[in-house]
Amino acid sequence: MRNRKNRSRLAGLLAAVLALTLTLGVLPTQVYAVTQDEIDRLEREKEAIAAQVEQAQAVVDELEAKQADAIELKEALDERNVYLVRQIRLNDEQIAIYNELIAQKEQEVVEAKRLEDEQLARYRARVRAMEENGSSDFLAMLLRSNSLGEFLTAIDDIGEIMESDKLLEDAYIAARKNTEQVKADYEQYKVTLEEKKEQLADEQTALEAEINEATAELKKLEEEIEESSEELDALKEKEEATGKTLEAKIAELEEQKRREEEARKAAEAAAAAAAAAASGGGGGGGSSYGTVTGSGNFAWPCACTYITSMVGNRLHPISGVWKYHSGMDIGCQYGDSVWASDSGTVILAGVNGGYGNCIIIDHGYVNGDNYSTLYGHLSSIGVSVGQSVSQGEYIGAVGSTGVSTGPHLHFEIRNSSGPTDFSWRFSGLTFAPDSGG
């Protein structure tokens, strides 16, 4: 009879194992529309674009610095050009004065030449007269004298004539020298004026060349900056688009993993229920959402009663090392309600390291020991620090934040010494095969 019961239980257990195997066999096995390799590739592409953005920004900064120097140079040249224009205007005025002086000198030269010609004509006429008459005129003047007084008077007249001739000759010589000096001054004015004009023209030509060169360089820099800025904007847009694509792919991958995890847990729960029914154990059935009776002052914090990991040492599902697990992982659905296990005061409501979104409620002293409860990996938090809550009051919703492989509720009961193994406080729980329960 006992062997028959054992064979019956063994057959039921084998059937449960077969059901679990078949169920898991139809689940997707890492066949995702999005893969981690694709996400890694996008991450590398994003990093490469970010490096390009940094390089492009450095080019733009360098060009803008050069542009600032070019603008400063252009402004200095423009200012210098203003002064040069003023100088040229003054020189133009000076040139105009020179031109007037030259015109005056030209008139002086003409007048001097005229006077010189007149003196020359007089001199030549006197010379011709002297050549034609010789000294007979002087002798005739003496012979016509009737007395000594007339003779002396004639001699005086002859002296005056000779003196007049000398003055006439000197006047001609002076007129000729004056003409030569006026011509020399005129030529010097012209040379000075031409040199001044040539010097100013050379200065203006050189300065205009510098200004044109600075203007061309400035224009070139503006074109390069515009081109580099366009490239930078394009890279930034590409970086932003890649980031959005990466975020979308990560979210899509997380959603795929969440769905697979939900399907896996549902399959495990079904198999565990079948195994419990076959073995006749399980404390009143294999329903994952049953009624749990609390022991002492604590009530079960959610509708699900399926335990995927117990309190105690375990192989961490993410790090792959053995470490102490300080609470129970309850295989809830994403968004399931979480209730306060006992009345108390909320002392933490926010992100708490690997727990992700986390709530801790202080329940005060129970039987001489201070107790608190912790609820981790929540998708949302419905209470705030300092708020008083009653047993069974809604405090948040199940999620997968923090260090988590999928949606579940991490539940701890702590006393003054730290986390406790509280599984004995509750009945009606079902356990995953690898939960440690």
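All values derive from a computational prediction rather than experimental measurement. (Residues numbered from 1 in each chain as written. Predicted model: local features only at pLDDT ≥ 70, side-chain atom pairs only at ≥ 80, totals over all residues. Heavy atoms only, no water.)

1. Some thoughts on the overall build of the protein chain
At step 1: When you go through the protein chain residue by residue, the secondary structure sums to 4 helices and 13 strands.
At step 2: Considering only contacts within the protein chain whose residues lie at least 6 apart along the sequence, 70% involve residues at least 24 apart.
At step 3: Element-wise, carbon and sulfur atoms account for 52% of the exposed surface of the protein chain, whose accessible area totals about 25,900 Å². (Helix = DSSP H or I, 4+ residues; strand = E, 2+ residues; numbered from the N terminus. Contact = heavy atoms within 4.5 Å. Areas by Shrake-Rupley, 256 points an atom, 1.4 Å probe, with all protein chains shown as cover.)

2. Overview of the pattern of salt bridges
Pairing is possible between side chains that carry opposite charge, provided their charged atoms lie close to one another.
At step 1: In total, this model carries 5 salt bridges according to the counting rule given.
At step 2: Note that Glu62 and Lys66 form a salt bridge whose closest N and O atoms lie 3.8 Å from each other. With Glu62 and Lys66 both in helix 2 (residues 36-133) and 4 residues apart, the pair spans about one turn of that helix.
At step 3: On the basis of relative accessibility, which here comes to 46%, the residue Glu62 falls in the partly exposed class. (Salt bridge = Lys/Arg side-chain N within 4 Å of Asp/Glu carboxyl O. Buried < 20%, exposed > 50% of the residue type's maximum accessible area, 1.4 Å probe, protein only.)

3. As for the nonpolar core
Considering soluble globular proteins, one finds that nonpolar side chains tend to be buried as a cluster.
At step 1: The biggest cluster of nonpolar side chains holds 31 residues, and the ones touching the most others in it are Ile330, Ile395 and Leu409.
At step 2: When residues of this core are traced back to their parent elements, those giving at least two are strand 1 (306-309), strand 4 (328-330), strand 7 (357-366), strand 8 (369-381), strand 10 (394-398) and strand 11 (409-415).
At step 3: Contact partners of Ile330, with chain neighbours within four places excluded, come to Trp300, Pro301, Cys302, Cys304, Tyr306, Ile307, His408, Leu409 and Phe411. (Core = buried A, V, L, I, M, F, W, Y, C linked by side-chain atoms within 4.5 Å.)

4. Quick word on the pairing of strand 11
At step 1: Within strand 11, 6 of the 7 residues are buried, which leaves the element mostly enclosed by the surrounding structure.
At step 2: Note: strand 4 against strand 11, 3 bridges, orientation antiparallel. Among the inter-strand pairings, Met328 is bridged to a residue of strand 11, identified as Phe411.
At step 3: Inspection of the sheet shows strand 8 paired to strand 11 by 5 bridges, in the antiparallel sense. Across the sheet, Leu374 pairs through a bridge with Glu412, a residue of strand 11.
At step 4: Where strand 11 lies against strand 12 (residues 418-419), 2 bridges are found, and the strand directions are antiparallel. Directly across from Arg414, in strand 12, lies its bridge partner Pro419.
At step 5: Between strand 11 and strand 12, which pair antiparallel and follow one another directly, the connecting turn spans 2 residues. (Pairing = 2+ DSSP bridges.)

5. Some words on the packing of aromatic side chains
At step 1: According to the stated counting rule, one finds 6 aromatic pairs in the structure shown.
At step 2: Taking the centre distance of 5.6 Å and the plane angle of 55° together, the rings of Phe298 and Tyr371 count as tilted. Taken together, the residues span a long stretch of sequence, with Phe298 in the loop between helix 4 (148-279) and strand 1 and Tyr371 in strand 8 at a distance of 73 residues. Tyr371 shares its class with Phe298; the two are buried.
At step 3: Here Phe422 and Phe426 contribute two aromatic rings whose centre-to-centre distance is 6.3 Å and whose plane-to-plane angle is 90°, an arrangement assigned as edge-to-face.
At step 4: Residue classification places Phe422 among the buried positions, given a relative accessible area of 0%. (Phe/Tyr/Trp six-rings, centres within 6.5 Å; stacked < 30°, edge-to-face > 60°.)

6. Digging into the pairing of strand 10
At step 1: Burial analysis of strand 10 places 4 of its 5 residues in the buried class, which makes it a mostly covered element.
At step 2: In the sheet, strand 5 (residues 337-339) pairs with strand 10 via 3 bridges, with the strands oriented antiparallel. Paired with Trp339 across the two strands is Tyr394, which belongs to strand 10.
At step 3: With 3 bridges joining them, strand 8 and strand 10 adopt antiparallel strand pairing. Its bridge partner being in strand 10, Ile381 is matched across the sheet by Gly396.

7. Re a negative patch on the surface
At step 1: Together, Glu222, Glu223, Glu226, Glu227, Glu230, Glu231, Asp233 and Glu237 give the surface a local cluster of negative charge.
At step 2: By the secondary structure assignment, Glu237 is in helix 4.
At step 3: Judged by relative accessible area, Glu237 falls into the exposed class, the value being 58%. (Patch = residues over 30% accessible without salt bridge, like charges linked within 9 Å, V, L, I, M, F, W, Y side chains within 5 Å. Lys, Arg positive; Asp, Glu negative; His and termini not counted. Charge placed at Lys NZ, Arg CZ, Asp CG, Glu CD.)

8. A closer look at unusual backbone geometry
At step 1: With a phi close to 65°, His377 is a non-glycine residue in the positive phi region.
At step 2: With respect to the secondary-structure elements, His377 resides in strand 8.
At step 3: Residue class for His377 comes out buried when judged on its relative accessible area of 6%.

These figures come from the coordinates and say nothing about function on their own.
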